[in-house]
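Each chain, written out:
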Amino acid sequence: MASSSPSYVESLYQEYVKSPENVDVAWREYFRQIAEVARQAPHQEAQFFRPPTMGDSNVVSPVELEAAILQERVDRLIRNYRAMGHYAAIIDPLGQPREPVPELDPASCDFSPSDLDRQFSTVSSSGPNVRTLREILQWLRNTYCRSIGAQFMHIDNVKVREWLQDRMESSENRISLTADQQKRILKRLSDAVVFEDFILRKFQGAKSFSLEGGETLIPLLELAINKSASQGVEEIILGMAHRGRLNVLASIMGKPARAIFREFADLDPQMHLGRGDVKYHLGYSNDYTTADGKKVHLSLCFNPSHLEFVNTVALGRVRAKQDRRQDVERRKSMALLIHGDAAFAGEGITQEMLNLSELESTRTGGTVHVIVNNQIGFTTPPHQGRSTAYATDVAKMLQIPIFHVNGEDPEAVAQVVELAMDFRCEFQRDVVIDMYCYRLRGHNEQDEPRFTNPGMYKAIDRRQPMRVTYSNHLTKLGGVTQQEADELVSQHKSQLESEYQVATASDYQHRWEQPNQLWKTYRGGNEDIAHDVPTGVPVDRLKQLLEIQTHLPDGFKPHPKIQNILDQRRAISRGEKPVDWGAAEILAYASLLTEKHPVRLHGQDCERGTFAHRHAVVHDIETGAKYVPLQHLTVEQARFQVYNSALSETGVLGFDYGFSLDCPDGLTIWEAQFGDFVNVAQVIIDQFITSAEDKWNRYSGLTMLLPHGFEGAGPEHSSARLERFLEACAEDNIQVCYPTTAAQMFHMLRRQVLRHWRKPLVVMTPKYYLRSPQVTATLDDLANGSFQRIYPDVLTTRPDSEVQRILMCTGKIYHELAQRRQELGRSEVAIIRVEQLYPLPTAELQQQLSRYAPNTPVTWVQEEPENMGAWRFILAQWGLNVLSQHQLRCVSRPASASPATGSKKSHEIEQERVLSEAFGQ
């Protein structure tokens, strides 16, 4: 209703009088409201647009028309405040000037000072149905322009917007706190300030990434935890970067201060040789008791300096906890993520995280996002770090509210927390709290921020500590005496001093964090403690599991080609056909599920498989209905989840890694659409997957399936960058396998779960060979075999003593070498397959090589370029003399800056050269 044309309004009204249904619903409601106000205030009727009755003349008087136009302008002004009031809100504690907002000036809607005492309808808003313009303006400014700036008008759902409007406008966006609540906020502020001051004095020059200037985060978190517990939340996973982490650990998580002080003192260097992490990256778990006695389990995720990348890890943990509890409504566990302003706006992982929030595969029932807005990133001011007005503008991609709040108004913070938590509970969506504060010191305690931001720090230097200003506020109100406020400080100082004395004592006893109940029976460490377990499944059971999956509901019509695959699997179950790769993989999942081990498979197009081999989800060709055979094996089976993921690697891999942290008894798989896509997720691999056990003593059984193999598909779709994983291998931190048969895939997947040795598993999976007869197996292979780290040569017809050349390889190239050997009749050439590249099975290799005469030359053959693939890793492990008995050389493509050629014919020429050279041709 933006038009102010009298003729336009008059024509609409005349139409409304004739037939209300012919008028747009918004105008219809508008005319109805005007009539309602006129009835309620008949003595003011000259100032209102009073619609004539059906018997009246259809002529609108000038007075009535003027009143209608004025009312429309009031409605427009109200909308302006709802949409743009946040731009005028006093959210910056440093008081830096903001651009004026003309749309909030009554003059922008053609009001003059003489209109301020006119009465208008506010029947569509909370509170009185009639107010003067002066009262309307005061109400709007109180609601939208004080210490809280609310962004919510981008939300399309009218009911959601009206819910938010009612909650904010009915209270003018202010909460009424009891004296006890105010004292609790003051205590939390005091604890936070005293902790930072204590660290600064006791450990001068040490980095702590203090919370000074943003201490209101501590009462904010407590308020959020208390509120969530009252709403039924029993577990909260927190993720945050390093700023303020130590304070959160001490003040919220309940980590003993003595442990933090001991880490600062660094009195146990022998204990951390080659492992561990800096103190402001560490996590912690504990039970928290709320103000009204409820218990909430808190877990703060370990996090490297890659800031926002912990976010999806935390979300994955929440989802795993919900699935384990069978919390289908997703109300018992929640994520609370604490972000920095510069990182939230700057890191692309933020968009990925937000995009995951409403997807079936990654939904968690709503995340609470808290931005600790220091208004600077390292030394970079906002105008150099983002192209948007707010650090949070990326969150407008979701249908969620964003609350900007002045961190130096704790009671405004309390109102925002109350509102945000109620929104999350009501709509089960994410919500953002953008708490404006400042950074008292530089990026760290050794930094001088005045080098680059002198103006900002002049303003900061003039500020009193937040605890002092709030204490003075409560003292004036009479809620607390100065003596009581001082006692809060002195008591906490005394407690910290006692903890410090314990921490620095020579007889200090470390309190080791025990693995939780889920992880009690699982181990990390070296593979030599990982005892192999039987992975075979009886043939009759395999037949039954495969046959069950070929049955579809009555009337269900799959695509003819899918029906053909089901028919083939039925033939396999009868022993009429060999087991192909897809059937072996499906049987691994089915057998684990019926043994009560949950399976989650997640990745781009993984429901069918990028190369159409899996078809874990079958679609009805006529109705589009879906059926998942692996969810219908037995009544008692474990849960099976398979989801196509968003087109994201970093966020999704982080999520699935997080999921694996809380699902040790299950098989958690992330599959790349093509193996090279894993490049995008390198931060998750480096900072979490390959190093978490060493840094944080955290185990994971995440499995990564990465399609790999040189088939002429070009540089980006040939290589999963095997060499990068191998370069990161040390201390048996991960497993890297390149299986060559369907049976190997079956046993490898089952071994990953049935062994209680938990390590991430990286699998180079084939593409072309998914349907090749060269990789097939028999049901007996699945029933009686096990995963072979090294496959000995079984095809030579000569005695081992007559072998003149040993070829060693991994993966797809083996089948081409075996075929070429057969074509050439080269029975004097042995071929050994290394199926597990890491941990490298040296003992098994030595056993196999001992079959052959000493000094028989060994050639490592790979299709990747010389500087890629496994060669340089193998060379580093064995040198040029394998086990001091055999000279070692390599046959490969020449070293290259790019993994592969883009020409199919060039690929074929190169591949032929590799095969020919391997046989000395």
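Computed from a predicted structure; not experimentally measured.

Colleague: Any chance you could break down unusual backbone geometry for me, citing the residues and the numbers?
Modeller: As a rule of thumb, non-glycine residues mostly have phi less than zero, and peptide bonds are mostly trans rather than cis. Residue P839 is bonded to the preceding Y838 through a cis peptide linkage, with omega at -10°. For P839, the location among the structural elements is in the loop between β22 (836-838) and α28 (842-849). One non-glycine residue with positive phi stands out, namely Q326, at about 60°. Even without glycine at this site, L883 takes up a positive phi of about 50°.

Colleague: Which residues make up the side chain of E585, and what values do they have?
Modeller: For E585, the position within the fold is in helix α20 (residues 581-594). On the accessibility criterion, E585 (1% relative accessible area) is buried. Within the structure, the side chain of E585 is placed 2.9 Å from the side chain of H613, a separation counted as a polar contact. Apart from the residues lying within four places of it in its own chain, the contact partners of E585 are H613, R614 and L749.

Colleague: Mind laying out α20, listing which residues take part and the relevant values?
Modeller: With 14 residues, α20 extends 20 Å between its outermost C-alpha atoms, agreeing within 8% with the 20 Å of an ideal straight helix rising 1.5 Å per residue. With respect to burial, α20 is a largely interior element, 14 of its 14 residues being buried. Measuring from the backbone nitrogen of G582 back to the side-chain oxygen at the start of α20 gives 3.3 Å, which picks out D580 as the cap.

Colleague: Can you explain the packing of aromatic side chains? Please cite residues and give values.
Modeller: Within this structure, the stated rule accounts for 22 aromatic pairs. Relative to F120, the ring of F111 lies with its centre 5.9 Å away and its plane at 75°, an arrangement referred to as edge-to-face. Look at F111 and you get buried, because its relative accessible area is 7%. Here F120 falls in the buried class, since its relative accessible area comes to 3%. Ring geometry for F198 against Y500: centres 6.1 Å apart, planes inclined by 75°, an arrangement best described as edge-to-face. Here F198 is found in helix α6 (residues 179-202), whereas its partner Y500 is found in helix α17 (residues 482-503), with 302 residues between them in sequence. By the burial criterion, F198 is buried, and Y500 matches it. By the ring-pair criterion, three or more aromatic residues cluster together here, those being F198, F203, F261, F264 and Y500.

Colleague: Requested: an account of the environment of Q509, with residues and values cited.
Modeller: With respect to the helices and strands, Q509 occurs in the loop between α17 and α18 (539-548). Using a relative accessible area of 66% as the deciding quantity, one classes Q509 as exposed. Separated by 341 residues in the primary sequence, Q509 and M168 have C-alpha atoms spaced 51 Å apart.

Thresholds applied
Residues numbered from 1 in each chain as written. Predicted model: local features only at pLDDT ≥ 70, side-chain atom pairs only at ≥ 80, totals over all residues. Heavy atoms only, no water. Helix = DSSP H or I, 4+ residues; strand = E, 2+ residues; numbered from the N terminus. Buried < 20%, exposed > 50% of the residue type's maximum accessible area, 1.4 Å probe, protein only. Polar contact = N/O pair within 3.5 Å; in protein donor to acceptor, adjacent residues only side chain to side chain. Contact = heavy atoms within 4.5 Å. Expected span 1.5 Å × (residues − 1). Phe/Tyr/Trp six-rings, centres within 6.5 Å; stacked < 30°, edge-to-face > 60°.

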